[in-house]
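Letter by letter, the chains look like this.
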Amino acid sequence: MRYVRLEWLAAEVMDGLPSAAARSTVQDLIVDVAKRPDRWPTPGGEDVVDVFGSRCWVSYVAYRDGLEVRDIGWAG
């Protein structure tokens, strides 16, 4: 089973996004990333990867059983 965990900074940013639509946009990007383990960095939490959506980005690391989102950005 794969999981996605928000690190404390990412959780704070998610809580501070300006609207429900903004949160949904970020969540959609995270779900898209989680569905594509072939694009994840090497598991172990050492390699941070940034992925960009149309109005947001997330920084994450991979572990064998899932992802940890370290940071979220919003440009909306």
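Above this text sits the structure in question.
A brief report on the enclosed structure follows. (Residues numbered from 1 in each chain as written. Predicted model: local features only at pLDDT ≥ 70, side-chain atom pairs only at ≥ 80, totals over all residues. Heavy atoms only, no water.)

### Let's talk about the overall build of the protein
Logical step 1: If you tally the helices and strands in the protein, you get two helices and four strands.
Logical step 2: The order of α-helices and β-strands along the protein, N terminus first, is β-α-α-β-β-β.
Logical step 3: Each principal axis of the C-alpha distribution contributes one length, and for the protein these read about 35 × 20 × 20 Å.
Logical step 4: For the protein, buried positions account for 32% of its 76 residues.
Logical step 5: Considering only residue pairs separated by 6 or more positions, the protein has 43% of its internal contacts joining residues 24 or more positions apart.
Logical step 6: When the accessible area of the protein is evaluated, it comes to approximately 4,800 Å², of which 50% is carbon and sulfur surface.
Logical step 7: Mean positive and mean negative side-chain charge positions of the protein (9 and 12 charges, respectively) differ by 7 Å. (Helix = DSSP H or I, 4+ residues; strand = E, 2+ residues; numbered from the N terminus. Buried < 20%, exposed > 50% of the residue type's maximum accessible area, 1.4 Å probe, protein only. Contact = heavy atoms within 4.5 Å. Areas by Shrake-Rupley, 256 points an atom, 1.4 Å probe, with all protein chains shown as cover. Lys, Arg positive; Asp, Glu negative; His and termini not counted. Charge placed at Lys NZ, Arg CZ, Asp CG, Glu CD.)

### Side note on empty space enclosed by the protein
Logical step 1: If you walk through the whole model with that rule in mind, you get one cavity of 30 Å³ or more.
Logical step 2: The computed volume of the largest cavity comes to approximately 30 Å³.
Logical step 3: When residues of the lining of the largest cavity are traced back to their parent elements, those giving at least two are helix H2 (20–34), strand S3 (56–63) and strand S4 (66–74). (1 Å grid on protein atoms, 1.4 Å probe; cavity = no way out; pocket = protein on both sides within 12 Å on 5 of 7 lines; lining within 4 Å. Points joined across faces, edges and corners; volume = space filled by probe spheres on them.)

### A look at H2
Logical step 1: The terminal C-alpha atoms of H2, which comprises 15 residues, lie 21 Å apart, in line with the 21 Å expected from a rise of 1.5 Å per residue.
Logical step 2: Every buried residue of H2 is listed here: Ala22, Val26, Leu29, Ile30 and Val33. The buried residues of H2 all sit within an arc of 100° when viewed along its axis, so they share a single face. In H2, the exposed residues that point more than 90 degrees away from the buried face are Ala20 and Ala21.
Logical step 3: Contacts made by the buried residues of H2 are with strand S1 (3–6), helix H1 (8–16), strand S2 (49–52), S3 and S4. (Expected span 1.5 Å × (residues − 1). Arc of directions from axis to C-beta.)

### Observations concerning the pattern of salt bridges
Logical step 1: Overall, the coordinates contain three salt bridges when judged by the stated rule.
Logical step 2: The shortest N-O distance in the salt bridge between Arg5 and Glu68 comes to 2.7 Å. Placement of Arg5 in strand S1 and of Glu68 in strand S4 is noted, with a sequence separation of 63 residues between them.
Logical step 3: Accessibility expressed as a relative area gives 8% for Glu68, which makes it buried.
Logical step 4: The shortest N-O distance in the salt bridge between Arg36 and Asp32 comes to 3.1 Å.
Logical step 5: A cluster of three or more residues bridged by salt bridges with shared partners is formed by Arg5, Glu68 and Arg70. (Salt bridge = Lys/Arg side-chain N within 4 Å of Asp/Glu carboxyl O.)

In short, the description is geometric, and any link to function would need to be established separately.
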